Each structure stands twice: as C-alpha cells, then as structure tokens.
Amino acid sequence: MTTNTPRARSVGVIGLGAMGLGMASSLRRAGHHVSVCDVRHDAAKAFANEGGTACKTPAELAKSVDIIVSVVVNAEQTEQVLFGKDGAAAQMKPGALFIMCSTVYPNWSVALEKRLNDMGLLYLDAPISGGAAKAASGQMTMMTSGHADAYAQAGHVLECMAANVYKLGGRAGYGSKVKIINQLLAGVHIAAAAEAMALGLREGVAADALYEVITHSAGNSWMFENRMAHVLKGDYTPLSAVDIFVKDLGLVLDTARATKFPLPLSSTAHQMFMQASTAGHGREDDAAVIKIFPGITLPHAK
C-alpha cells in the first residue's frame, strides 16, 4: 500500500520567538530538513540539538535551503533579514521562496514581492494567527497571497505549519490586508474587554464572578475569555505585548487613512494601547491595557 507522503524539503526558519519556534518544530516533526537562525544564537543551538541545523546569519541559512520562513516582528526586521548585513536575499538560490509571516503594511508587502521577483526569487505574503500553543501543534492560521509559482514552490510546507491555510489572492498584499483586519478586531475586543472588566471592578463586582457570568453570556468574546483570565491571575507575562497592538492598530489606521476611511473604534482602541505603553506597560501582556483605568484595584498575582 502506498501513501502520499509530502516530499521532504530544505526549509529555513528565521526568528525563533513564540510563533517561529513552534513553526520550526512543526516542520521538523513533518520530516523536513530545517535550518534555523535567530539573533539569540543559544535558541538556534537548542533547536538544532533536537534535530536540524543552527545558522549564525540569514546569509548562511539562505545558501542551504529552498524555502525561507521569516517570523520576525515587523517590516523593519524583515528588511534586515533580507537586505541588511549578512542578509539572506543575495545568497538565496534562483527560484527560492521567501515566506513572510509578519504583520506589515500591505503596500510594503506588495513592494517586497516585486523587489524579490526582480531578483529571480519567489515570495508569499503569509501573516499568521493563533498564538504560541497553536504554532507548536501546527494548528495555527495562515493568511496567504502570492503568485501560483510561489505556491507551487511551497508545496505542502504551509500545511505542515498551519491547520488553516487561506489563499486570498494571486499577488502579495491580500494576506496582509486580511491580517490587519483580524488585528483590528483583536485589538478592539481586548480594549472592550478591559473596559468592561474595569467598570465591573469600579462598581465593586467580584472579578471572578463577573468573569464567570460574562463567559457564559452573550457579551462574551474569545478575547474577553482569554485576556481577562490574565487579569484575574494578575499575570501580565507578555504572550502578546501592548506594543504589538500599538504597532498593528497603527497599521490598520494607516491603511484606512490612505483611502479616507473612518475607523472610530480602532482609533479609540489604538489610543488606549498608546496610553498603556506611555505609562510603562508596553512590554507587558496586552491585557495590561486595563491598567489605564483610574480608581480600580486589580487582582494581585496568584
């Protein structure tokens, strides 16, 4: 009996943060040959100790792989990965594929596609969502767009990293547009959840009781259920930081501003995250946006 086992590919992952490490592990688990690179060399070495290759620079990694998956924070870091000192682009093989998983301004992604295509390289606009746990289990979501030849080069690699791979258009930009719309909703929902919990605390409602009722009522959201659990524990360890939403909601507003499209809720949520960041909470979990509300006593760490 024969099986349709996907052909093993040589894949490089740059950026071993909460998402990138899980994605690299999913690729290794699927049988691909995985090389990794991170500014924290110890993180790359630790991954390689379990199987794979640690590279010191993006350029070194690019020489040995057919596909690069970039899981860095933003467009600036992606530029550095590709075109900075020891950047990958100049060392990538002709026809190699660069998969960009960061949340970026859509027009920037469109321009990057052209820049790489002009160098004889392929590109997929492929932002991700789902968090560290889903990345580690290969169950996250990828919002992708790009030319058919880029998808052909990717083969089954995308499906090894994500349970849901959405193909949203035949060129770059659409993946990033859908991702920032997702971030619009995520940011507004977190801000609204924080506001609701803050009002409850101000009115003397027991935080645990409020959480129990809301999570079993029509006002619940995934973000309320997930992020307000952090507030109840008094744990602001940054799984996704306040400053991420300063950046991402900023991208949302910049995109809408280009066509003079009003986003009143996004604008308010952005100001809330900005206020939290300015108050010193930028590197805390995004649930720390609740700390901007005056006259409330938040639960202490348990």
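Residues numbered from 1 in each chain as written. Predicted model: local features only at pLDDT ≥ 70, side-chain atom pairs only at ≥ 80, totals over all residues. Heavy atoms only, no water.

**Focus: the nonpolar core**
Among the nonpolar cores identified, the biggest contains 41 residues, and Met197, Met228, Val231, Phe273 and Ile290 are the most heavily contacted of them. Of all the secondary structure elements, the ones that give two or more residues to this core are helix H9 (174–202), helix H10 (207–214), helix H11 (222–233), helix H12 (242–257) and helix H13 (264–281). Tallying contributions element by element places H9 first for this core, with 11 residues. Leaving out residues up to four positions away in the same chain, Met197 has contacts with Ala207, Leu210, Tyr211, Phe224, Met228, Val231, Leu232 and Ile290. By size, the runner-up hydrophobic cluster in this structure holds 32 residues, among which are Phe47, Ala126, Tyr151 and Met161. (Core = buried A, V, L, I, M, F, W, Y, C linked by side-chain atoms within 4.5 Å. Buried < 20%, exposed > 50% of the residue type's maximum accessible area, 1.4 Å probe, protein only. Helix = DSSP H or I, 4+ residues; strand = E, 2+ residues; numbered from the N terminus. Contact = heavy atoms within 4.5 Å.)

**A word on unusual backbone geometry**
Positive phi, normally seen in glycine, also occurs at Asp86, with a value near 60°. Within the element layout of this structure, Asp86 appears in the loop between helix H4 (75–83) and strand E5 (97–100). Take Asp86: its relative accessible area is 37%, and that puts it in the partly exposed class. Positive phi, close to 55°, is recorded for Lys260, a residue that is not glycine. By relative accessible area, which is 77% here, Lys260 ends up exposed.

**Considering the sheet that holds strand E9 (residues 162–167)**
Working definition: the strands of a sheet are paired by backbone hydrogen bonds and lie parallel or antiparallel to each other. Strand order across the open sheet formed by three strands is E7-E8-E9, with mixed pairing between neighbours. Whereas interior strands pair on both sides, the edge strands pair on one side only; in this sheet they are strand E7 (128–129) and E9. Of the strand pairs in this sheet, strand E8 (residues 140–144) and E9 are connected by five bridges, and their pairing is parallel. Its bridge partner being in E9, Met140 is matched across the sheet by Ala162. (Pairing = 2+ DSSP bridges.)

**Overview of H12**
Spanning 16 residues, H12 covers 22 Å between terminal C-alpha atoms, matching the ideal 22 Å at 1.5 Å per step. Listed as buried for H12 are Val242, Phe245, Val246, Asp248, Leu249, Gly250, Leu251, Val252, Leu253 and Ala256. The inward-facing, buried residues of H12 contact H9 and H13. (Expected span 1.5 Å × (residues − 1).)

No statement about biological role is implied by the geometric values presented.
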